Amino acid sequence: MKFLQLQETLRETVRVTARNEFDIELENVGSEIPPKTELGDVAFPIAFELAKKIKQTTGEKQNPREIAEKLKAALEENEAVERVEVAGAGYLNVFFNRAKFLIESANAEPLPKLKSSENKTSPKVCVEHTSVNPNKAAHIGHVRNAVLGDTFVRILRAIGKRVEIQYYIDNTGVQVADVVIGFTNLENMSLADIKNLDEKLAAENNSFDFYCWDLYAKVGLAYQTDEELKAKRAEVLHLIEEGNNPTAELADYVVTRNVQCIVATMERFGIRYDLLPRESEILHLHFWKKAFEEMQKREVIKFETEGKNAGCWVMPFELHSGNDEHDADKILVRSNGTVTYTGKDIAYQMWKLGLLGLDFYYNLFHTYAGGKQVWITTAEDLQSENVPEFGKNETVYNVIDSRQSYPQEVVKKGVATIFPEKGEAASVHLSYEMVALSPSAAEELGFVISDEDKQKSFIEMSGRRGLGVKADDLINRLEANALKEVEARHADLSVEEKQKTAHIIAVGALRYFLLKFTRNTVIIFDFKEALSFEGETGCFCQYSAVRANSIFRKLSEKGEEVSNFKEQISDAKKIAEIFNAVDGNEIWSVLTLASRLEETVSQAAMAIEPALLAKYTFQLAKAFNLFYHNHKIIAQENPIKRHVLVAVADITRRSLTSALNTLGIEVPERM
RNA sequence: GCACCCGUAGCUCAGCUGGAUAGAGUAUCUGACUUCGAAUCAGAGGGUCACAAGUUCGAAUCUUGUCGGGUGUACCA
């Protein structure tokens, strides 16, 4: 809608007037939403600032109210503006022409369809998220990562960006080695045995990643007493990295099966990927070697010949001053010649930004329902056809929890040091705080909590300890609860419809629960709160949209279609009377709130904060519920008022639906 | 030690680049289904915005300090 543009136009008017009348250049003109509709639709507390600046430049003392009067006249020239009031010590409160606004909004899209997201030549950005190690099932912490990443993707697309979604597969890390050791040493299984087990699990309706979850925890436990087993880890890790041997083959099977499970889990939450880049290819296709050469050529790393880092290649840093215990420099190549994770990450980041000069080979990994494809990298050229163009991104957003902000800083600064022409702005760490368990939630999961842990306000989840809420378990519980509610309300629906509805509600509940917290808030997981369908929840927002839709279903049954109403919304004078009536402000405030979606999405994109959109969606749903209770639409007798109410309800439900979809939440038919 | 994050109602959290009377949800209490759907709505109580100083027309928001909590600071990933 045109709320955003109107606000920008008014801002420009303020800027121009300040220049012409007072010879003052205003860089950014702040605006705010007045606390009450009665105080206007947008306010500029700019006169105070102008008074100060005039005094600074000319020494002349001017009354803010007089300054505001001059701006008021200029703002009132805009025909979308009904009037401007100067309030308090110098607030400029702008009131829009309500009837005109409604007429224009009735036919506008809540989020304008932007062509550039489909334009193949416009610059592309990359969002990398999920990054669950492929050795176990995903837990709720991983889901926070994926939901944040996925929602940010939807926000970027809504503002017209082309986006590439990657899930990095760390298939040569120690976690994978640990599970491999579990299979080969604790369970004495061969690859064939594992395949048999996999089939058996599938037949029993158990999943491979859940099995690995338990096995990984067992290995962790065994390490505590079995030094010999722990020593085996380095050996297995080396074999996996090297490739082309039975251990690597076994590891590859385990990894691929886990990735399949995790991709399927995420699909349940509406999360899909474009590409799964694997660490093994970064090694085998010599990405690191190329990056290393580039760093040497540009002289941004040095070989230490003495001191405690002797024999290592390091990247010098002044990130933090460093002291006796901790070095300021970051080791990229160990003294034994192997590359650290951060080193590999720099090479990967270079590739993502199109700076490496090398590329992967690709193979189709999976085709989603509806035909969308997800690709995986390979080390050999498999002559795949119709491979999309990956990499070469303008900007890269890495969704990684805040505990990794130091290595992320190294990657960002590292790449920027190697390629000053690209700069630091191209690498964005989309950082967020972890999901932890309250001691009581951990006990509820059946874990024995130490006295020390009981004292803590929260307990970190740990794959190694098998401590965590598994994503599939949680969504299963949510679906079961939702199904009970749907059955109680809509017994007449078919089983499929009930299940589909329960699924949509469950996803809405979980996604909203994870998105309503701002990124740097630690979520202390609480079952009661996460499982709730009441209050500030996704379900609340969905319910609001469902009720709105049911009004239009009823209207449609009576043969009244929305398009007819739009045509009848034309008589500005009569519409104005409705808005000027006692309950006019209430109707108007829902309309203006519904018109702020585009602005909110753009704010969420700028601030990289999906919670802004989640909060807005809830506010809008709440405003609609109030409107719904106070105004009977179908029964409304005054025809003009009825048209206005229908138009406002329609604009609101479309905005609400768009907002929810941008959060990855669907609106069911009935619930 | 150093770096980053956090401290707002009993609890869980919002509060945008400083702006009008600090807001939600939840919990507690009270009311509303013969109505376009009660997974809803209305009302009540509940605050020294950790503490102190500073910046200014104006501070929960910015600066500094103090206290309390978290995370990181690996030749782990």
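Residues numbered from 1 in each chain as written. Chains lettered and ligands numbered in written order. Predicted model: local features only at pLDDT ≥ 70, side-chain atom pairs only at ≥ 80, totals over all residues. Heavy atoms only, no water.

A. View of the overall build of chain A. The number of helices and strands found in chain A is 26 helices and 16 strands. Here chain A has a C-alpha radius of gyration of 29 Å; the compact-globule value for 671 residues is 26 Å, and the two agree. Expressed as a percentage of the 671 residues in chain A, the buried residues total 53%. When contacts within chain A are restricted to residue pairs at least 6 apart in sequence, long-range pairs at least 24 apart make up 73% of them. Total accessible area on chain A is roughly 30600 Å²; 48% of this is exposed by carbon and sulfur atoms. Within chain A, one finds 81 positive and 100 negative side-chain charges whose respective centroids are separated by 4 Å. (Helix = DSSP H or I, 4+ residues; strand = E, 2+ residues; numbered from the N terminus. Rg over C-alpha atoms; globule rule 2.2 N^0.38 Å. Buried < 20%, exposed > 50% of the residue type's maximum accessible area, 1.4 Å probe, protein only. Contact = heavy atoms within 4.5 Å. Areas by Shrake-Rupley, 256 points an atom, 1.4 Å probe, with all protein chains shown as cover. Lys, Arg positive; Asp, Glu negative; His and termini not counted. Charge placed at Lys NZ, Arg CZ, Asp CG, Glu CD.)

B. A look at the protein's contact with RNA strand B. Around RNA strand B, 66 residues are found, and the nearest of them are Tyr91, Arg334, Thr518, Tyr628 and His631. Of everything in RNA strand B that lies within 4 Å of the protein, sugar and phosphate atoms constitute 62%. The contact in question runs from a sugar or linking oxygen of RNA strand B to an N or O atom on the side chain of Asp170, over 2.5 Å. Within the backbone of Lys308, one N or O atom sits 3.1 Å away from a base nitrogen of RNA strand B. Going through the elements one at a time, strand E3 (91–96), helix H14 (405–418), helix H17 (471–489), helix H20 (538–557) and helix H25 (610–630) are the ones with two or more residues in the surface near RNA strand B. When residues in the surface near RNA strand B are grouped by element, the largest group, eight residues, is from H20. Split into classes, the residues belonging to the surface near RNA strand B amount to 29 nonpolar, 18 polar and 19 charged. (Near = heavy atom within 4 Å. Polar contact = N/O pair within 3.5 Å; in protein donor to acceptor, adjacent residues only side chain to side chain. Nonpolar A, V, L, I, M, F, W, Y, C, P; charged D, E, K, R; others polar.)

C. Representation of the sheet that holds E3 within the structure. Read from one edge of the open sheet, three strands run E1-E3-E2, paired in antiparallel fashion. Unpaired on one side and paired on the other, strand E1 (42–44) and strand E2 (81–87) mark the two borders of the sheet. Neighbouring strand axes in the sheet, compared pairwise and without regard to direction, differ in orientation by 25 degrees on average. One ladder, built from six bridges, connects E2 with E3; its direction is antiparallel. Bridging from a neighbouring strand, Val86 pairs with Leu92 of E3. Helix-sheet contacts for helix H3 (residues 64–76) involve E1, E2 and E3, and the interaxial angle to E2 is about 175 degrees. (Pairing = 2+ DSSP bridges. Axes fitted to C-alpha atoms, helices over the stretch in contact; angles between N-to-C directions.)

D. Quick peek at the sheet that holds strand E8 (residues 313–315). Strand order in the open sheet formed by three strands is E7-E8-E9, and the pairing between neighbours is antiparallel. A single partner strand is all that each edge strand has here, and the edge strands are strand E7 (302–303) and strand E9 (330–333). Pairing analysis gives two bridges linking E7 to E8, with the strands arranged antiparallel. When the sheet's bridge partners are listed, Phe303 is paired in E8 with Trp313. Packing against the sheet, helix H12 (residues 287–297) makes contact with E8 and E9, and its axis sits at approximately 125 degrees to E9.

E. Representation of the confidence of the model for chain A. In this model, chain A carries a mean pLDDT of 92, and residues with pLDDT of at least 70 account for 97%. The model gives residues 319–326 a pLDDT under 50, and that stretch makes 10 contacts with residues more than four places away or in other chains. (pLDDT = per-residue confidence, 0-100.)

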